[in-house]
Structures are given as structure tokens and as C-alpha cells.
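Letter by letter, the chains look like this.
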Amino acid sequence: MLLGQLSAAASPLSQEQVQKLQGLVAELNPIQQAWVSGYLAANANTAALAGTVGPAGAVEAAPLTILYGSQTGNAKAVASQLKSQAESRGLSVKLVNMADYKTSALKKEKFLTIAVSTYGEGEPPEDAEALHAFLASKKAPKLDGVKVAVIGLGDTSYEFFCQTAKDFEQRLTKLGADVIYQRADLDVDYEEQATQWIVGALDVFEPDLKAQQQSQTNVVSMPLSASVAQSQYTKQNPFAAELSVVQKITGRESSKDVRHIELSLDGSDITYAPGDSLGVYFLNDEVLVDQVLAALEISPDTSVTVGNDTLSVRDALIEKLELTQSYPGFVEKYAQATNNAKLLTLVADKAQLRVYIEARQIFDVILQNPANIEAQTLVDCCRKLQARLYSIASSQAEVEDEVHLTVGLVEFDTFDETHFGGCSGYLANRAEEGARVKVFSEHNDNFRLPASDETPIIMVGPGTGIAPFRAFLQERDVREASGDNWLFFGNPNFTQDFLYQLEIQGYVKSGLLNQVDLAFSRDQAQKIYVQDRLREKGEAVFAWLEKGAHFYVCGDANRMAKDVHQALIDIVKAHGGKDDEQAEQYLKELRSQNRYQKDVY
């Protein structure tokens with residue numbers, strides 16, 4: 001409901017309160033409105049988690065609690081859709097980020113749904129880590145009689161597909177909860193199946209929830225939903241942004257090819273905050289698409305259907321379908337459609353299949369196994385092309401109707417040919433300046449600057465992990481924030497790989513950056529990385545943490561982020577006088593206070 005439509009009859013607020021709220025909202029920009037909405041939601045959730053009472057002290061009917069853990073925003077979107085659908089049925093709902101959920105509320109739950117993603121090697125997303133660990137601990141309460149349903153999001157390209165969702169269901173069941181609707185493990189093209197699961201799950205939950213609500217008719221639970229300005233441009237309806245700059249920012253002799261990308265958001269209502277990501281849709285390589293069609297002897301003009309769209313098979317392969325990132329599902333479907341004996345043998349051995357696809361793009365699988373296959377059958381073997389997410393490297397307060405990215409070109413040689421990543425290859429090699437690129441913003445509430453401009457921050461961002469910290473620094477510069485800023489940056493060589501060197505040096509000169517520590521690993525015989533620099537400055541790092549600094553890490557999840565975490569453990573032990581367990585607890589407390597945040601991939 002829009003604030004302008006609120007009336008005393010429709011709202012729990014007085015007319016005077018409504019007028020005050022309308023006046024405040026009118027003064028706020030969309031980003032400020034989103035922040036206020038989050039603040040109010042957090043307070044509402046805190047009150048709900050503590051338990052609420054109705055008139056005459058009657059305890060309210062237990063709501064359907066929806067907990068979500070989201071790395072890139074997809075699980076949050078599914079959880080929000082579940083909430084909206086439940087409310088449309090007149091059900092009482094409570095939507096909570098797992099990071100904000102008080103574990104003491106678990107024993108009060110009666111109806112619980114979990115929407116959670118998985119990343120890396122079967123690991124929970126950052127905001128689900130604490131609850132995931134708690135449910136496996138001895139402190140977890142008995143949940144006899146609690147009714148549960150779980151939906152998981154993942155990527156079949158990875159071995160431990162939807163492992164976190166499986167973990168949650170298993171742990172809840174072990175504590176006595178009853179799974180009343182079958183878990184869904186959804187791949188990257190999840191939207192349609194997620195919608196079907198939501199309908200099915202609510203059909204099962206609804207009778208008990210309504211029976212409970214009807215038995216307590218004296219209790220009114222109608223929370224006011226804050227109205228937040230959201231962009232009309234979304235993952236499903238992206239904005240065609242003009243590509244204005246593609247600039248290589250590594251040296252000619254660098255082992256890396258990193259591009260600074262600038263896109264115009266002029267004409268859109270897209271807003272973003274430092275720490276957010278940009279979803280980018282790309283076009284597949286036309287040359288490779290034509291090779292595939294020739295090898296399969298399929299006419300490029302053959303009409304096919306992708307979802308609700310009818311178009312030529314050539315356009316479908318270029319614009320709509322995933323042809324670079326390999327995954328087992330494609331090989332399985334293609335093997336069956338073509339009756340290829342070699343591929344069918346691989347499909348039967350999951351370990352060998354993963355070895356096979358690791359070295360190949362889908363283009364390679366097809367070109368190395370040409371067959372007589374119908375155009376529509378080929379299309380049906382493929383999954384829809386998914387947008388790639390990049391950490392935004394600019395502050396909207398600084399660049400206004402632009403958005404900047406720092407993109408590392410994925411490039412490797414195999415089968416006597418050079419291969420490129422789908423999106424990075426498109427942006428770096430094929431998209432010309434002036435081209436229209438479909439984009440949307442993806443908000444990341446788990447990677448945010450401190451609320452106070454006086455709070456010090458430590459940023460660890462080697463390689464393209466520098467991107468969000470460029471946004472952080474731009475934002476703090478515009479806001480004239482007084483908090484101290486410390487950057488750790490690393491890459492192979494100083495002369496070839498010092499990304500945004502002039503900007504960083506300018507921030508040092510102006511005083512915005514109080515300290516910069518650099519780790520150029522190949523500039524000396526013994527390799528030096530950002531975690532080594534952290535240990536060298538361990539005493540000062542710990543002193544900053546003790547005075548309230550927020551600590552941020554962005555970049556490689558598999559090695560760098562883990563090595564940085566271990567360096568932090570060593571620093572807390574050495575300079576805080578703690579043992580291993582106490583040091584881990586120290587960092588857990590930082591995470592619970594949102595003072596230790598990661599944006600890793």
C-alpha cells in the first residue's frame with residue numbers, strides 16, 4: 001500500500017503519524033528509503049522474534065516464519081516471493097534474514113520455511129553461517145512438532161549442489177521437526193520451479209495456519225508494510241545500458257587482462273549502494289554459434305521456442321542459452337538426445353563426468369561430438385543464459401547516472417584454441433562502445449559501509465577484489481567521512497598490475513586513505529600476499545579492531561579469503577592473548593555485529 005493511500009481506517013497509525021511519515025518519505029531519496037525500510041523491518045522482526053501479545057494478554061497465533069540465507073540475492077528473492085504469496089492468502093508471515101535471526105526464537109516456532117543458497121564447496125552463504133553451525137551444535141533445541149519446508153538454490157556446475165539446503169533439512173529433522181513438503185533443489189534457472197514449489201508448500205501450510213488464526217479471532221496481526229521505491233528494471237526485466245568505456249588497466253606484459261568498464265544508467269531508475277553488484281547479460285560468440293550450427297547441419301533460420309519466446313535457433317543460441325559454463329545436466333541431455341555412446345558412459349560415472357566438463361565449455365562438448373539433432377531438441381538440452389554478477393566499482397553519489405565495473409578477462413588455451421569466459425569475453429573482446437548491454441542491480445545488505453562515517457574500516461581486496469573498495473572510497477570521499485580507511489591490495493607485479501594506482505595515490509595524498517599496504521607477489525623471490533602483509537601489521541590491525549573498525553574482504557573464496565581468515569586468527573591470538581577457540585569466537589562476534597564482511601566468489 002502506498003503511503004498516499006493510507007487512511008486512519010486502513011492503518012494502525014494515527015492520521016498525525018501518517019502525515020509525519022509521508023513528510024519524511026518525501027524528503028528521502030530511494031537509497032535512503034531502502035535504508036529506513038530495512039531499519040524498520042529489523043525492528044519489527046526483533047519485536048516479532050521476542051513474541052507478541054494481543055488484547056487482554058492473548059498470545060498471537062504463530063506465523064509462518066521464512067528464514068533466508070542468500071549469497072547473491074536469489075534466495076532472498078524467493079523468500080520475498082513466498083512472503084508475498086502467503087500474505088495474499090491472508091496468512092500471518094514473518095520474513096527474517098538468517099543473520100538477524102535470534103536462535104532463542106527457534107523453540108517458539110511452529111511453522112518454518114527455509115530458503116537458502118549454496119556456494120563454493122557446499123558452503124552456506126555468509127548470512128547463514130551462524131544458524132547453520134548452531135543447528136549442528138549441542139545448544140540447538142528440540143523441535144518436536146515444528147512443521148518445516150526447505151527450498152535450496154544452487155548450481156549443478158558444482159559438485160556439492162544445494163548442499164546447504166540438504167544440511168538444514170537434515171539438521172532440523174534430527175532435532176525433531178516434521179518435513180511436511182518435499183525439499184526443492186533448484187539449478188540456476190530456478191524461477192518457474194520456485195513459483196511451483198511456493199504454491200505447493202503454501203497449500204500444505206495453509207490449513208493449519210488458518211485454523212490457528214481462526215481459533216484466536218480476538219488477535220489482530222496486520223503489520224504495516226513500508227513502501228519502498230524499487231526499480232522497474234530487474235533480473236527478469238533488465239535495463240539496456242549504454243556501454244561507454246572499456247579500458248584495459250593492466251600492463252602490456254601482465255599475466256592478467258583486467259578491464260575498467262563504464263555503463264550509462266541514464267533513462268533508468270536503477271539505484272545502487274556501495275557493496276552492491278551489477279547483473280550483466282551478455283551475447284554468446286556468433287562465430288562459435290555458427291560453427292555449432294554448421295557441425296550439426298542445422299539451418300540458422302530454423303524456428304525454436306525458448307520459454308514464451310519464438311525465434312530463430314541462431315538468435316536463441318546467441319542471446320538466450322548458456323554455451324560457455326559447462327554443467328552435468330547438459331551433457332546428460334545431449335548424450336541421450338544423440339545416443340552418443342562415449343558421453344553416455346561418462347554420464348554413468350559422475351566423477352569422470354566432472355573431470356570431463358571441467359576442461360570444456362558447452363561449445364566444446366557439441367563440436368567434439370557432432371550429431372544429427374533437431375534444432376528444438378538442441379535448445380531443450382540447454383539451460384537459459386544466466387546474468388553474471390560483478391561487484392560494483394563506483395559510488396552513485398560520485399558518478400551519478402553511471403555504474404563502473406572491474407572485470408578480469410577469463411582466458412585459457414585448450415584443444416589448440418583460446419577460450420574466453422562468456423561475459424568477460426563479450427565485454428572485453430566483442431561488445432563495442434555504444435552497444436546496449438542488459439543490466440540490473442543486485443543489492444547486497446551483507447556488504448555495507450558502517451552506518452557511522454566516523455567508524456574506521458580495513459579493506460582487503462587483491463586483484464579485481466579492489467572493485468567494491470573503490471566504491472567505498474568514492475562514497476566516503478563524497479560524504480567527507482572522518483573515519484580512518486586502510487587498504488590492503490595485492491597482485492603479481494607493481495608495474496603491470498597496480499589497478500587504479502593513480503586514484504589510490506590521490507586518496508593517500510588527500511588523506512582519505514590513512515594507510516595502504518601492497519603485496520606484489522612476483523616482485524621478489526619469495527611470494528608475498530595480502531595475508532602476509534596483514535600478519536606484518538598484526539599489532540596495528542588488532543588495535544583498529546579493538547577501537548571498532550569494520551573488516552572487509554573481497555575476492556577469491558577458495559584460497560585468498562580462507563588465508564586472510566587464518567591470518568586474522570593468528571593476529572587475534574598473537575596480539576589479543578587468545579587461544580584458537582577464543583580467536584574464532586572473537587571473529588564470530590565481529591560477524592554477528594556486521595563488522596567482518598565478505599564478498600567472495
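Along each chain, numbering runs from 1 in the same order as the chain's sequence is written. Reporting of local features is limited, given that this is a predicted model, to residues whose pLDDT is at least 70; pairs of side-chain atoms are given and counted only at 80 or more, and all residues count toward the totals for whole chains, interfaces and linings. Calculated side-chain values reflect all of the structure's heavy atoms, with hydrogen atoms and water omitted.

Draft legend 1. Fine view of the overall build of the protein. In terms of regular secondary structure, the protein is built from 22 helices and 20 strands. Here the protein, with 601 residues, has 50% of them falling under the buried criterion. Note on definitions: a residue-residue contact is assigned when non-hydrogen atoms from the two residues lie within 4.5 Å. Of all intrachain contacts in the protein linking residues separated by at least 6 positions in sequence, the fraction that spans at least 24 positions is 76%. Each helix corresponds to a stretch of at least 4 residues labelled H or I by DSSP, and each strand to a stretch of at least 2 residues labelled E; elements are numbered beginning at the N terminus. With a 1.4 Å probe rolled over the protein chains alone, any residue whose accessible area is under 20% of its type maximum counts as buried; one over 50% counts as exposed, and the rest are partly exposed.

Draft legend 2. A look at the sheet that holds strand 2 (residues 93-97). Read across the sheet, five strands follow the order 2-1-3-4-5 without closing on themselves; strand pairing throughout is parallel. Bordering the open sheet on either side are strand 2 and strand 5 (178-186), each of which pairs with just one other strand. Going across the sheet, the axis of each strand differs from the next one's by a mean of 15°, ignoring polarity. Inspection of the sheet shows strand 1 (residues 64-69) paired to strand 2 by five bridges, in the parallel sense. Pairs of strands are assigned from DSSP output, requiring at least two bridges between the strands. What counts as an axis is a line fitted to C-alpha atoms, over the stretch in contact for a helix, and the angles between N-to-C directions run from 0 to 180 degrees.

Draft legend 3. A look at the nonpolar core. Within this scheme, the nonpolar core is defined by two criteria: the residues are buried Ala, Val, Leu, Ile, Met, Phe, Trp, Tyr or Cys, and they are joined through side-chain atoms within 4.5 Å. Ranked by size, the top nonpolar core spans 35 residues in total, and within it Phe 330, Tyr 334 and Leu 378 carry the most contacts. Breaking this core down by element, the ones donating at least two residues are helix 7 (286-295), strand 9 (303-306), helix 8 (313-319), helix 9 (328-338), helix 10 (341-347), helix 11 (350-358), helix 12 (362-368) and helix 13 (375-381). Once you skip the residues sitting within four places of it in the chain, Tyr 334 turns out to touch Leu 296, Leu 343, Ile 366, Asn 369, Pro 370, Ala 371, Ile 373, Leu 378 and Cys 381. Ranked by size, the runner-up nonpolar core spans 30 residues in total, among them Ala 519, Val 530, Phe 542 and Ile 571.

Draft legend 4. Representation of a positive patch on the surface in the model. A surface patch of positive charge is lined by Lys 256, Arg 522, Lys 527 and Arg 559. On the basis of relative accessibility, which here comes to 43%, the residue Lys 527 falls in the partly exposed class. Patch criteria: residues need more than 30% relative accessible area and no salt bridge. Like-charged residues are merged within 9 Å; nonpolar side chains of Val, Leu, Ile, Met, Phe, Trp and Tyr are merged within 5 Å. In short, Shrake-Rupley with a 1.4 Å probe defines the accessible areas, and a residue's cover is counted only from the protein chains shown. In the sections that follow, a salt bridge refers to a side-chain nitrogen of Lys or Arg positioned within 4 Å of a carboxyl oxygen of Asp or Glu. Neither His nor the chain ends is counted toward charge; the positive residues are Lys and Arg and the negative residues Asp and Glu. Throughout, a charge is located at the NZ atom of Lys, the CZ atom of Arg, the CG atom of Asp or the CD atom of Glu.

Draft legend 5. Focus on the packing of helix 3 (residues 74-88) against helix 6 (residues 191-214). As a packed pair, helix 3 and helix 6 sit with axes 10 Å apart at the nearest point and diverge in direction by 45°. By the angle between their directions, the pair helix 3 and helix 6 is classed as oblique. With respect to the hand of their crossing, helix 3 and helix 6 are arranged in right-handed fashion. Contacts between helix 3 and helix 6 involve Val 78, Gln 81, Leu 82, Gln 85 and Ala 86 from the former and Ala 194, Thr 195, Trp 197, Ile 198 and Leu 202 from the latter. Of the residues in the contact of helix 3 with helix 6, the class split is seven nonpolar, three polar and no charged. Any angle that falls under 35 degrees is termed roughly parallel, while one over 145 is termed roughly antiparallel, one within 65 to 115 roughly perpendicular, and all others oblique. Handedness of a crossing follows from how the near helix is turned relative to the far one, being left-handed for an anticlockwise turn of less than a right angle and right-handed for a clockwise one. Any residue outside Ala, Val, Leu, Ile, Met, Phe, Trp, Tyr, Cys, Pro, Asp, Glu, Lys and Arg is labelled polar, Gly included; the first ten of those are nonpolar and the last four are charged.

Draft legend 6. Just unusual backbone geometry, in detail. Look at Glu 297: it is not a glycine, yet its phi comes out positive at around 55°. Following the sequence through the fold, Glu 297 ends up in the loop between helix 7 and strand 9. The backbone of Phe 415 sits at a positive phi, close to 55°, despite the residue not being glycine. Along the chain, the position of Phe 415 falls in the loop between strand 13 (411-414) and strand 14 (417-420).

Draft legend 7. Expanded view of the sheet that holds strand 11 (residues 388-391). Reading across the sheet, the six strands line up as 11-8-15-6-7-12 and stay open at both edges, with antiparallel pairing between neighbours. Edge positions in the open sheet fall to strand 11 and strand 12 (402-408), since each of these has one partner strand only. The average undirected angle you get between the axes of adjacent strands in this sheet is 40°. Sheet topology note: the strand 6 (residues 239-248)/strand 15 (residues 436-442) ladder contains four bridges and is antiparallel. When the sheet's bridge partners are listed, Ala 240 is paired in strand 15 with Lys 438.

Draft legend 8. Layout of the side chain of His 404. Here His 404 shows up in strand 12. You can call His 404 buried: its relative accessible area is 4%. Within the structure, His 404 has its side chain in polar contact with the side chain of Arg 470 (distance 3.1 Å). Setting aside anything within four residues of it in sequence, one finds His 404 in contact with His 260, Ile 261, Glu 262, Ile 392, Ala 393, Ser 394, Val 399 and Arg 470. Pairs of N or O atoms within 3.5 Å make up the polar contacts considered here, provided that, within protein, one atom can donate a hydrogen while the other can accept it, and that residues adjacent in sequence are counted only when both atoms are side-chain atoms.

Draft legend 9. Here's a closer look at helix 3. Multiplying 1.5 Å by the helix residue count minus one yields the expected span of that helix. Spanning 15 residues, helix 3 covers 21 Å between terminal C-alpha atoms, matching the ideal 21 Å at 1.5 Å per step. Within the span of helix 3, buried status applies to Ala 75, Val 78, Ala 79, Leu 82 and Ala 86. The buried residues of helix 3 occupy one face: seen down the axis, they fall within an arc of 100°. Once helix 3 ends, the next one or two residues include Gly 90, with phi positive near 85°. Here, the arc refers to the directions that run from the helix axis to the C-beta atoms.

Draft legend 10. Seen up close, the packing of aromatic side chains. By convention, a stacked pair of Phe, Tyr or Trp rings (six-membered ring in the case of Trp) has centres within 6.5 Å and planes under 30 degrees apart, an edge-to-face pair has planes over 60 apart, and any other such pair is tilted. As enumerated under the stated definition, the model contains 19 aromatic pairs in all. When the ring of Tyr 181 is compared with that of Trp 197, the centres are 5.8 Å apart and the planes differ by 65°; the resulting orientation is edge-to-face. Pair noted here: Tyr 181 is in strand 5 and Trp 197 is in helix 6, with a separation of 16 residues, a long-range link. Trp 197 sits in the buried class, given a relative accessible area of 5%. Among the aromatic residues, ring-to-ring pairing joins Phe 447, Phe 469, Phe 472 and Tyr 552 into one connected group. Taking NZ or CZ as reference, Arg 383 lies 3.9 Å from the ring centre of Tyr 327, over its face. Just above the ring of Trp 544 sits the side chain of Lys 547; from NZ or CZ to the centre is 4.9 Å. Working rule: Lys NZ or Arg CZ, within 6 Å of ring centre, within 35 degrees of ring normal, means a charge sits over the ring.

Draft legend 11. Structural detail: the side chain of Asp 599. Tracing the backbone shows Asp 599 in strand 20 (residues 596-600). There is no salt bridge for the buried Asp 599, and the closest opposite charge comes from Arg 448, which lies 9.0 Å off by N-O distance. Within the local environment of Asp 599, its side chain forms a polar contact with the side chain of Ser 391, the two groups lying 2.7 Å apart. Sequence-distant contacts of Asp 599, that is, excluding residues within four places in its chain, are made with Ser 391, Phe 447, Pro 468, Val 553, Cys 554 and Gly 555.

Draft legend 12. Layout of the confidence of the model for the protein. A score from 0 to 100, pLDDT tells how confident the predictor is in each residue. Here the protein averages 89 in pLDDT, and 88% of its residues register 70 or above. Residue range residues 1-11 is modelled with pLDDT below 50. Its contacts to residues more than four positions away, or to other chains, number 16 contacts. Segment residues 217-228 is flagged for pLDDT under 50; beyond a separation of four residues in sequence, or across chains, it makes 21 contacts in the model.

Draft legend 13. Quick peek at the UniProt feature "binding site: NADP(+)" (unreviewed entry) in the protein. UniProt positions are given in the numbering used here, feature names are shortened, and annotations may be inferred rather than shown by experiment. UniProt records the feature "binding site: NADP(+)" (unreviewed entry) for Ser 521, Arg 522, Lys 527, Ile 528, Tyr 529, Val 530, Gln 531 and Asp 563 in the present numbering. Along the chain, the position of Ser 521 falls in the loop between strand 18 (515-520) and helix 19 (530-536). Among the secondary structure elements, Val 530 is positioned in helix 19. Here Val 530 is in contact with Val 460, Pro 462, Phe 488, Phe 489, Gly 490, Ala 519, Met 560 and Val 564, once residues within four sequence places are set aside.

Draft legend 14. Inspection of the pairing of strand 17 (residues 485-491) at higher detail. A large share of strand 17 lies buried, amounting to seven of its seven residues. Because side chains alternate across strand 17, one face comprises the buried residues Asn 485, Leu 487, Phe 489 and Asn 491, and the other comprises Trp 486, Phe 488 and Gly 490, equally buried. Pairing between strand 16 (residues 457-460) and strand 17: four bridges, direction parallel. Note on strand 17: the bridge partner recorded for Met 459 is Leu 487. A crossover counts as right-handed when, viewed with the strands pointing away from the observer, the path leading from the first strand over the helix to the second turns clockwise. Regarding the hand of the β-α-β motif, the stretch spanning strand 16, helix 16 (residues 467-478) and strand 17 is right-handed.

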